[in-house]
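Commentary on secondary and tertiary structure
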Amino acid sequence: MFVSTVLFSALLTAPVVADDTIKTERLEEVIVTSNSARQRIQNVQTGAEQLQLKDLTTSPQLFGENDIMRSIQLLPGIKAESDASSSFQVRGGTSAQNLILYDNAPVYNVGHLAGLFSTFNDDALGSATLYKGLLPAQYGGASSAVLDLTGRTGNKSGWHGGATVGLLSAKGTLEGPIVKDKASFLVTVRRTYMDMFLKLSDDFKNNTLYFYDVNAKLDWTVGKRDQLFLSFFTGYDRTAMEDMIDIRWHNLSSSLKWLHHFGEGSHSQTTLLYSGYKTDNGIDFLGLNLWLDGHIRQESLRQDFHFTLDKYLIDAGLQSTLINVKSAEWQFVTQHDKEQRRAWDNAFWLNTIIPIYPWMTVSAGLRVNAFSPLGGSLYYDIEPDGEIGWYYNYGKNEIVKTHVTWQPRASISIQPTEQTSVKIGYARTAQNIHALRNQNTSTPFDRYTMSSNIVKPEIADQVSIGLFAMTPSQSYDFSLETYYRKVKNVLDYRDGKSFSSEIEIERLVLPGEGKGYGFELAARKNHGRLTGWLAYTLSWSKTRIDGINGNRWYNANNDRRHDINIVAMYQLSKRWSLNAAWLFNTGQAFTAPSGKYQIEDNWIYYYAERNGYRAPDYHRLDVSAVWAKRYKRSTHEWCISIYNLYNHYNPFLINFEDSENGNKTRAVQYSLFGIVPSVAFNIKF
């Protein structure tokens, strides 16, 4: 945690369910909102948000940068990790329990500059669907939620592009036909120029702070029934402070997809996937010299089938994946350690949607997953005190153990009238890649491990009931969903351990159980010059692990009781639109010392309760104004936004500091942002 604290303090802190088919249409930039009221009423899948990417520039954004991840955080049941995070938490789960797919390839770190910017360039996105735990059977690998993003395809008939210059970054887009009406391409590039500003300062001119990302997609219509897609994404970050800290992380994903149409709404989809995430960090501070890195690499073959048989919809498929995870490799002065393992993951699924009656529709499915850690690396047994009891040395590619999970899914939608519906859902989900945070939010210092001979898959069971209603004109709609979520094999740190205490990650953690429950209320106004929504979430998230907190239930790190989001968008005139978003949530639970004692000249903190304290409540108001004018061949936009209008310093980190003689200890709050004005200029042609 101290590394993140030093970095942010020095640079930024101030104390105080649609199928994946080809997207041929060109989408305008817009805010992430749910689909129409009628779709929310009729969709059989409870806990699903089908998102449209339009008018994203109308949502007030930090640094004037359009950001799908931060817009998602405004939806009911979704919570941001912090000011400095693009990640989100869903229904009592952590961001590490989410799966984010970009053209079917998983992306493991979704933040630039440690989360201040989203990894995803909105100009590259075509569609998005968020599943809040109740997943159709074709999705797996997450115990909390899945965000399924599809990259936008280029225009096959003409050339188009655009550019945006914001406060701290610039981006450009170009698309057009390779072979008119048959093949197209789209390329987006984004880079920050914060490092250029640093060079203007004598204090920070030797520091480095930048990121870039590139999205590219090729679309080729081979014939009347066949189409090929090649998608590529890469993102790179580097943050360095002279000779003290050098932090780098890198995302890379690619997919090759063959889509074959059988006719009458049926098709197959064959996809080759690669996904990689790597961190590389060096620190030389206060006499501490260390280097550490880690990675996740996945190679997959996936086959999907979608059949339309009269009024029935059937999805089936299978996927085989080779996974390589380096939990960590580090060097502390002269000590060098590494932990790296491989696994083979296989899954089969079948899901069907059946209209039983005109007023009742059922979605039911089953996913079967077989996860096999492979030999070639050391495995071991762990004694109750956390020491290694026995080593196992399996041969390369030898199956160490196979974890088989059966994951039933079901959802029922009852629509007594055209304007109302009741939805009931149940899903069991499993996750075999586990993240170990070094603090409450995702950072480049996170460590990952997989299910092994010791670590079991994280298995979540969730039940949800929802009531949905709309007015006859669809101008207003309302929803109320309640849920209960139980999770087995949750991992948390042993007392006294941190992410770098041992190279063997299984020595750091203990397994237990978690639960989350609550309800989500949303009211939306969909038509007129004034649109927007109000979302309120009341929730609980708790953990119990033998050996931690006296074996009692304790609040999870992400437990926040109340969460309120109010979003308003007003079309003032043909060219001007005004927008505002107000956020409030209860402060996060955290662990604070209950007392301290002195050994020789050192003061030692004593912790009596895990996460027994709360940070102050979080709230802020963001506003923006957008001016847009269409010319014959282009559209120009100016976006002026103010993040945290009334300059409220929200807690990012609470640190406990002793006086010089050690007799007194005080809690000091550190914040990332006060008021932040931004301006951005967009041009599209």
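Residues numbered from 1 in each chain as written. Predicted model: local features only at pLDDT ≥ 70, side-chain atom pairs only at ≥ 80, totals over all residues. Heavy atoms only, no water.

Overview of empty space enclosed by the protein
Keep this limit in mind: A 1.4 Å probe that fits into a set of points on a 1 Å grid over the protein atoms alone but cannot get out defines a cavity; an open set with protein on both sides within 12 Å along at least five of seven lines defines a pocket, and lining residues are those with an atom within 4 Å of a point. Grid points are joined across faces, edges and corners, and a volume is the space filled by probe spheres set on the points. Working definition: helices are DSSP H or I runs of at least four residues, strands are E runs of at least two. Numbering for both runs from the N terminus. Under the grouping applied here, Gly and all other residues not named as nonpolar or charged are polar, the nonpolar ones being Ala, Val, Leu, Ile, Met, Phe, Trp, Tyr, Cys and Pro and the charged ones Asp, Glu, Lys and Arg.
Space inside the largest cavity adds up to approximately 670 Å³. Lining the largest cavity are 41 residues, with Leu99, Pro106, Tyr108, Gly140 and Gly141 positioned closest to its centre. Elements with a contribution of two residues or more to the lining of the largest cavity: β6 (98-102), β19 (288-309), β20 (312-332), β21 (335-357), β22 (360-374), β26 (420-431) and β27 (433-436). The biggest single contributor to the lining of the largest cavity is β6, with 4 residues. Here the lining of the largest cavity is built from residues that sort into 18 nonpolar, 18 polar and 5 charged. By volume, the second largest cavity is sized at about 190 Å³. Sorting the residues of the lining of the second largest cavity by element identifies α2 (37-42), β3 (48-53), β30 (476-493) and β31 (509-525) as the ones contributing at least two each. At 4 residues, the largest contribution of residues to the lining of the second largest cavity is made by β31.

Comments concerning the pattern of salt bridges
Quick note on the threshold: Salt bridges are counted wherever a side-chain nitrogen of Lys or Arg sits within 4 Å of a carboxyl oxygen of Asp or Glu. Note on exposure labels: buried denotes an accessible area under 20% of the residue type's maximum, exposed denotes more than 50%, and partly exposed covers the range between, all computed with a 1.4 Å probe on protein chains only.
If you walk through the whole model with that rule in mind, you get 30 salt bridges. The residue lysine 156 makes a salt bridge to aspartate 219 at a minimum N-O spacing of 2.3 Å. Of this pair, lysine 156 sits in the loop between β11 (145-151) and β12 (160-165) while aspartate 219 is found in strand β15 (residues 208-221), placing the two residues 63 residues apart along the sequence. One exposure class covers both lysine 156 and aspartate 219, and it is buried. In this structure, aspartate 304 engages arginine 302 in a salt bridge whose closest nitrogen and oxygen atoms are separated by 2.7 Å. The exposure classification of aspartate 304 matches that of arginine 302, with both residues buried. In the salt-bridge network here, residues are joined through shared partners; they are Glu387, Lys497, Glu502, Glu504 and Arg507.

Observations concerning the packing of aromatic side chains
Here is the rule: Note on ring pairs: Phe, Tyr and Trp rings are taken, using the six-membered ring of Trp, and paired if centres are within 6.5 Å. Classes follow the plane angle, with under 30 degrees stacked, over 60 edge-to-face and the rest tilted. Any Lys NZ or Arg CZ found within 6 Å of a ring centre and within 35 degrees of that ring's normal is scored as a charge over the ring.
A full pass over the atoms with the stated rule returns 21 aromatic pairs. A ring pair is formed by tyrosine 517 and tryptophan 540, whose centres lie 5.2 Å apart and whose planes are at 15°; its orientation type is stacked. Here tyrosine 517 is found in strand β31, whereas its partner tryptophan 540 is found in strand β32 (residues 530-544), with 23 residues between them in sequence. Look at tyrosine 517 and you get partly exposed, because its relative accessible area is 25%. Here tryptophan 540 falls in the partly exposed class, since its relative accessible area comes to 25%. Centre to centre, the rings of tryptophan 582 and phenylalanine 584 are 6.2 Å apart; their planes meet at 15°, and the pair counts as stacked. Judged by its relative accessible area of 29%, tryptophan 582 is partly exposed. Ring pairs connect the aromatic residues Tyr102, Phe120 and Phe233, which therefore count as one cluster. Across the ring face of phenylalanine 229, the terminal group of lysine 257 is positioned such that the distance to the ring centre comes to 4.7 Å.

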